[in-house]
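# An overview of the molecular structure
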Amino acid sequence: MKKLLLVFVFLIFACTGEDNDDASQEINNTQLADVDGNIYPLLEIADEIWATESLRVKSYRDGTPIPHIQDPIEWESLTTGAWRYVNDDPSTEQKYGLLYNFYAVNNPRGLAPQGARIPSYSDLLHLTSYFGVLLNNTSSNIDEESFSRFVTDDPELPWSRNDYSILGTNSTGFNLYPAGFQRASMSPTGFGYSAFLWSTNSVSNTGTLVARFSLSSSSSNTIQDYNVQYNYYGCSVRVIKNQ
């Protein structure tokens, strides 16, 4: 009887040890932790459980570090996963998250935390259309009220472009900051007035669809899909809880 009890206790201990491998990535309906220990609030938006902050993880799900590439020329030539700071400024990390190329998004080691996934184009389409905004590839403008629903209401960081500025209502809870994106070495990033969110849908060997949120300089705004021509572009990443 004592031998059986010892075997039983050992099995419990062994199983507990296996579960601890994912202890840093526990998930529930209110928050999500990545492998680096960053915590992301979760909220039900449009019938799915979304993280309300953009990813800022610097390791793949298996713990492998993701290279930080700061040099824009090197970034442009990459065909492997990498991240960089928004606007090349480390102080933006907490609120804006990080920018990733698609090679990091699509890496088999996994970029999304345990129990979560990076949205497909269909997920992004469902998100915007749920609130009456059709995600398509036209540049048609939408009204400020509709745009503001997705945008952070952080009074310290309104979206602003030239003489036009808005403070979001964030009525959806999506809480999007204008992180812009990283393109070629000499291109503007759109920091302060736009955000680009990766989907998992490649349209060619080099290009992938993103959702583009952009403030214009003429009191109009766009939310549209956008065919990123190159997978080395650096864009933001949101995740959805698996259900």
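Up top you'll find the structure we're talking about.
Each residue is numbered by its place in its chain's sequence as written, counting from 1. Per-residue local features are limited, in this predicted model, to residues with pLDDT of at least 70; the limit for side-chain atom pairs, both in listing and counting, is 80 or more; totals at the level of whole chains, interfaces and linings are taken over all residues. Derived side-chain values reflect all non-hydrogen atoms in the structure, with water molecules and hydrogen atoms excluded from consideration.

It is worth spelling out the side chain of Asn107 at this point. We count a stretch as a helix when DSSP gives it H or I for four or more residues in a row; a strand needs E for two or more, and each element gets its number in order from the N terminus. Within the secondary structure layout, Asn107 lies in the loop between α4 (102-105) and β6 (116-117). Polar contact criterion, stated in full: a pair of N or O atoms within 3.5 Å, where within protein one must be able to donate a hydrogen and the other to accept it, and residues adjacent in sequence count only if both atoms are side-chain atoms. Polar contacts involving the side chain of Asn107 include one to the main-chain amide nitrogen of Arg109, which spans 2.8 Å.

Between rings of Phe, Tyr and Trp, where Trp is taken as its six-membered ring, a pair exists when centres lie within 6.5 Å; planes separated by under 30 degrees are stacked, by over 60 edge-to-face, and by other angles tilted. Applying the stated rule across the entire model yields 14 aromatic pairs. Among the aromatic residues, those joined into a cluster by ring pairs are Phe181, Phe196, Tyr230, Tyr232 and Tyr233. The ring of Phe174 carries Arg238 above its face, with NZ or CZ at 4.4 Å from the centroid. Charge over a ring is defined by NZ of Lys or CZ of Arg lying within 6 Å of the ring centre and within 35 degrees of the ring normal.

One non-glycine residue, Ala46, adopts positive backbone phi at about 55 degrees. Topologically, Ala46 is positioned in the loop between β2 (39-45) and β3 (48-51). When its relative accessible area of 4% is taken as the criterion, Ala46 is described as buried. One non-glycine residue, Asp47, adopts positive backbone phi at about 70 degrees. Within the fold, Asp47 resides in the loop between β2 and β3. Remark: exposure states derive from per-residue accessible area (1.4 Å probe, protein chains only) relative to the maximum for the residue type, with buried under 20%, exposed over 50%, and partly exposed in between.

Before going further, it helps to examine the nonpolar core. What we call a nonpolar core is a set of buried Ala, Val, Leu, Ile, Met, Phe, Trp, Tyr and Cys residues that are connected through their side-chain atoms within 4.5 Å. By size, the foremost hydrophobic cluster in this structure holds 34 residues, and its most contacted members are Leu55, Tyr100, Leu111, Trp198, Val237 and Val239. Of all the secondary structure elements, the ones that give two or more residues to this core are β2, β3, β4 (83-85), β5 (98-100), α4 and β9 (194-202). At three residues, the largest contribution of residues to this core is made by α4. Leu55 has contacts with Tyr40, Gly97, Leu98, Tyr100, Leu111, Pro113, Val237 and Val239, leaving out every residue within four places of it along the chain. Formed by 26 residues, the second largest nonpolar core is a distinct cluster that contains Leu124, Ile142, Tyr164 and Ile166. The contact criterion used is simple: two residues touch if any of their non-hydrogen atoms lie within 4.5 Å.

Now for the environment of Ser204. Among the structural elements, Ser204 can be located in the loop between β9 and β10 (208-215). Note: C-alpha distance between Ser204 and Asn231 (27 residues apart in sequence) is 9.7 Å. A polar contact of 3.2 Å, which involves the side chain of Ser204, links it to the backbone nitrogen of Thr206. Polar side-chain contacts of Ser204 include one of 2.9 Å to the backbone nitrogen of Gly207.

The next subject is the sheet that holds β9. Within the open sheet, the three strands sit side by side as β9-β10-β11. Their pairing is antiparallel. Lying at the two open borders of the sheet, with one neighbouring strand each, are β9 and β11 (221-228). Neighbour-to-neighbour, the strand axes of this sheet turn through a mean angle of 20 degrees, independent of strand direction. In this fold helix α5 (residues 121-130) packs onto β9, β10 and β11, with an angle of close to 135 degrees to the strand it touches most, β9. For two strands to be treated as a pair, DSSP must find no fewer than two bridges joining them. Between N-to-C directions, angles span 0 to 180 degrees; the directions come from axes that are lines fitted to C-alpha atoms, helices contributing only their stretch in contact.

Attention shifts here to the pairing of β2. Pairing of strand β1 (residues 31-33) with β2, which is carried by three bridges, proceeds in the antiparallel orientation. Paired with Gln31 across the strands is Pro41, a residue of β2. The loop that links β1 with its antiparallel partner β2 comprises five residues; one of these, Gly37, has a positive phi angle of about 95 degrees. Where β2 meets β3, four bridges bridge the pair, whose relative direction is antiparallel. Bridging from a neighbouring strand, Ile45 pairs with Glu48 of β3. Connecting β2 to the antiparallel partner β3 that follows it, the hairpin turn spans two residues, and Ala46 within it adopts a positive phi of roughly 55 degrees.

We define a salt bridge as a side-chain nitrogen of Lys or Arg found within 4 Å of a carboxyl oxygen belonging to Asp or Glu. Under the criterion given, the structure shown has eight salt bridges. Arg56 is the salt-bridge partner of Glu53, the closest N and O atoms lying 2.8 Å from each other. In this structure, Glu53 and Arg56 share a single accessibility class: buried. A salt bridge links Lys58 to Glu93; the shortest N-O distance between them is 3.3 Å. Placement of the pair is Lys58 in the loop between β3 and α2 (72-76) and Glu93 in helix α3 (residues 93-96), with a sequence separation of 35 residues. You can call Glu93 buried: its relative accessible area is 17%.

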